[in-house]
Every structure is written in C-alpha cells, then in structure tokens.
Amino acid sequence: MIRKGFKINYLPLKTYASMKVDAASEPVQEYDVTTDEYYPDRALVPLVLTPVIGYSDPNTGTEVANAAGMLTDGHWYRIDNTSGGKIGAATEITSGTKYIIDTAAGSATYGKISIKENVQPGNPVTYIFRATLVHPNGERILKEVTWQARSKSTETFPTLKLDQATETSYNPWDDPDTFTLNPILKPAIPGAVYDWETCHNSVWGALGSTHYDWALSRSGNGVTVNRAQMQDRIDIRCKVTYKLNGKTLTDTITASVVRLLPKFEYDITRLSGIRQTDSSIAPQAIIRTAKKMITDPKGEVTVTWYNAAGTAVGTGMNPAIPLSSLGSTLDLGLDIQDAGGWKALELADGSYLTDASGAILIAR
C-alpha cells in the first residue's frame, strides 16, 4: 500500500469596499463669496460617511455584504492641498468635536464618521479610512476606502430694496406729514455708498441740486419727505455703489410719493332765515369723506362762496358774508376744490423767490 499526504488549498477571500454617504449630506458644498456662507453649512448639517467593507468566500460560497463586525484597527486620515498627500500621524483625524467616529468594536457601523467642517473652494479634501478585516479562518486583509469632499464658489449679487413701498400716496387729512424712505441692500456690503436723485421736468439730478427739492432732506442713508409741504408728486431714486470681489458695482431703485386727497362731499349749514336788521350771514361749510367729517381742511382745499351772479363773495369754512354782496336774490353758492400741492414762487425768467434767510418761498 502506498500512502501520500495532502492538504486543502484555501482560495483567498474576495473583498470589496465602498463609501456610503448619508442621504442628508450634499456631496458638493456651495460657498457664497458675497455672504461668506456655505451651503450646506456642515457645522449645522454634518457630512456623514460610512465605510462599507464586505467579502465573498469562494471556498464556501458565503457572501457578507457588511463585514463591519470583523473590522479592527480602523483609522481615518484627511488629505488636502496643504497636507503633502501622505497618510500618516500628521494627517490622521480622531474622534472629537469636529469629527465623531464610531470606534466600537463589532458595531454594524464601525468607522462611521460625522464631519463638521466646511471645505474651501479650490482645496478639495480626501477622507481615507483604513481598517483590517479579520476572518475566522485567520486571514487578515488591510482595506482602504476614500471619499473626496469639494466646494464650488457661487456669487449672490445684492438686491437693493426700500423699507417702504416704491409707490405711495399721501392723504393730508389722515396720513403723517413726514415720511422716510430707507434703502436696504441684501446681503449687506460694508462700505456701500448711497446717493439720492430727484426728477423734475423729466430730468434727473442730485438731491438738493435744484430748488424744487424743498420738501426733501437726507436722513442717514435714507430720505425724509415733508409731505405737508410737497408738490403734487415727488419722483426719487436711490443709487448704491459698492465693491464686490474687486469690482465696483451699482444698483438703482426708484420711488414716487403722490399727494392724493380722498373723495369728499360738501354741503352748507347754519344758513336760515334772517331778520331785517341783519347785515351779514355766517354760513358753515361741511366736508365729509368716507371715513369722517373734516372740521379743519388744513388749507388742502379752496373754499369759495358765490352769490347768484357767480361772483365770489367769501372764502373759508365759516366766513362772514355781507348781505349787500348777495344783491336782491338771497341765494348762496359753495364750491370746494382740491388746492393741490405746494409750488415754488418764480419770476417770468425762471428765478425763484426766497425770504431774508434764503429759504425758498412756496404757495398753493
């Protein structure tokens, strides 16, 4: 009898590795150079990576998709343009505040890492995980998984707005006399300069460069309108100038303020039979709007009284009118008209009038 010994030749395990990225993690960040902000901000929404290492055993036909429980001696490394590209103690990262790593032996997510750092544009970061897979048959296999985080630059151009509507109406009988418009640049740019212009006779010019700007004054970056002294309409625009990434940029927004009396009705009261000895009458005008009775029209309307011939015999809400001005026909008429906005007093040559202090004279 002849005998020969023999042994079993075990085929090596076939291993594979990949990186699972958490569903809430954006693979590429955006960095807004205008606002100096990242999206997503990984300080708030961390990047979560889970290395997945598995194997198939050709000897038994067994396949294990996740062999995390067989991993040991796991290490994470971080490499970017400044680290020299080498894996070692200088580039290793450990669990702490910025990085949270699952180091529990036997864990189904062994090696999982939560990364709370933002990646700068132009400097991608490669995260590398290394661990040893220890199989029950004694085979030890070193595995490595990598994943690169990147960021791209974006640029949000600021938007110029006003803190009030760009078209507003002024009701002198209900609204405050002063009205301020303030510019808002979003996002805010340090060093932004705001200039205001007004439009008169279809010509735009710097605020204060014309005598027609008497109702306007600068208030910080904004403009205050004294609406009680304004014309029928004011057209104004704000221009902002700022620097962004070495470039000088501008933006403009236009606004208008329009004087607008509400619809009103009027009537006559305190007019009744008189005695022969009376020499005058004192009628009272009544003005009503949809909201209220106007006892003091504040000069916003002209109140004129007429005799039967159509001749003006009095003005004001409660004038004293001589009976002699009415003639033989005791008939009294009342007409109330919108007085309109204020106007500058000018001579025929276009020059305007001022008082002794140099203030422009205005009238209705």
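For the structure given in this document, a descriptive report is provided here.

## Here we look at the overall build of the chain
If you tally the helices and strands in the chain, you get 0 helices and 31 strands. Along the three orthogonal principal directions, the C-alpha set of the chain runs to about 165 × 45 × 30 Å. Across the 364 residues that make up the chain, the buried fraction comes to 36%. Counting only contacts in the chain whose residues sit at least 6 apart along the sequence, the fraction spanning at least 24 positions is 61%. By element, 50% of the accessible surface of the chain is carried by carbon and sulfur atoms, the whole surface being about 21000 Å². A gap of 12 Å separates the mean positions of the 35 positive and 39 negative side-chain charges of the chain.

## Some points on the layout of surface pockets
Put simply, the largest pocket is a space of about 230 Å³. Lining the largest pocket are 14 residues, with His200, Asn201, Tyr212, Gln231 and Arg233 sitting closest to its centre. Residue assignment for the lining of the largest pocket shows that the elements contributing at least two residues are β16 (193-200), β20 (233-244) and β30 (343-344). Partitioning the lining of the largest pocket into residue classes produces 6 nonpolar, 4 polar and 4 charged.

## With respect to the sheet that holds strand β27 (residues 312-315)
An order of β27-β26-β29 is seen for the 3 strands of this open sheet, with the pairing classed as antiparallel. Where the open sheet ends on each side, the last strands, each with one partner, are β27 and β29 (333-338). Across this sheet, the average inter-strand angle for adjacent strands is 30°, counted without regard to direction. Across 3 bridges, the pairing between strand β26 (residues 301-306) and β27 is antiparallel.

## Topic: the sheet that holds β16
Judged by pairing direction, the sheet is mixed, and its 5 strands sit side by side in the order β13-β21-β20-β16-β17 without closing on themselves. For this open sheet the edge positions go to β13 (167-170) and β17 (203-206), each flanked by a neighbour on one side alone. For this sheet, the mean angle separating the axes of adjacent strands, direction not counted, is 30°.

## With respect to the pairing of strand β15 (residues 183-186)
A one-sided burial pattern is seen for β15, the buried positions being Pro183 and Leu185 and the unburied ones Ile184 and Lys186. When strand β12 (residues 159-162) meets β15, the two strands line up antiparallel, connected through 4 bridges. Its bridge partner being in β15, Leu162 is matched across the sheet by Pro183.

## Let's talk about the state of the cysteines
In the structure shown here, the tally under the stated rule is 0 disulfides. Free of any disulfide, Cys199 has its nearest cysteine sulfur in Cys238, 16 Å distant. Residue Cys199 is classed as buried on the basis of its relative accessible area, which comes to 18%. Judged by relative accessible area, which is 0%, Cys238 ranks as buried.

## Quick notes on the packing of aromatic side chains
The geometry of an aromatic ring pair is captured by two quantities: the separation of the ring centres and the angle between the planes. Inspection of every chain in the model, using the stated rule, returns 4 aromatic pairs. Arranged with centres 4.7 Å apart and planes meeting at 40°, the rings of Tyr31 and Tyr38 form a pair that is tilted. These aromatic residues form a ring-pair network of at least three members: Trp76, Tyr110 and Phe129. Between Arg237 and the ring centre of Trp204, over which it is positioned, the NZ or CZ distance is 4.2 Å.

Rules of the game
- Residues numbered from 1 in each chain as written.
- Predicted model: local features only at pLDDT ≥ 70, side-chain atom pairs only at ≥ 80, totals over all residues.
- Heavy atoms only, no water.
- Helix = DSSP H or I, 4+ residues; strand = E, 2+ residues; numbered from the N terminus.
- Buried < 20%, exposed > 50% of the residue type's maximum accessible area, 1.4 Å probe, protein only.
- Contact = heavy atoms within 4.5 Å.
- Areas by Shrake-Rupley, 256 points an atom, 1.4 Å probe, with all protein chains shown as cover.
- Lys, Arg positive; Asp, Glu negative; His and termini not counted.
- Charge placed at Lys NZ, Arg CZ, Asp CG, Glu CD.
- 1 Å grid on protein atoms, 1.4 Å probe; cavity = no way out; pocket = protein on both sides within 12 Å on 5 of 7 lines; lining within 4 Å.
- Points joined across faces, edges and corners; volume = space filled by probe spheres on them.
- Nonpolar A, V, L, I, M, F, W, Y, C, P; charged D, E, K, R; others polar.
- Pairing = 2+ DSSP bridges.
- Axes fitted to C-alpha atoms, helices over the stretch in contact; angles between N-to-C directions.
- Disulfide = S-S within 2.5 Å.
- Phe/Tyr/Trp six-rings, centres within 6.5 Å; stacked < 30°, edge-to-face > 60°.
- Lys NZ or Arg CZ within 6 Å of the ring centre and 35° of its normal.

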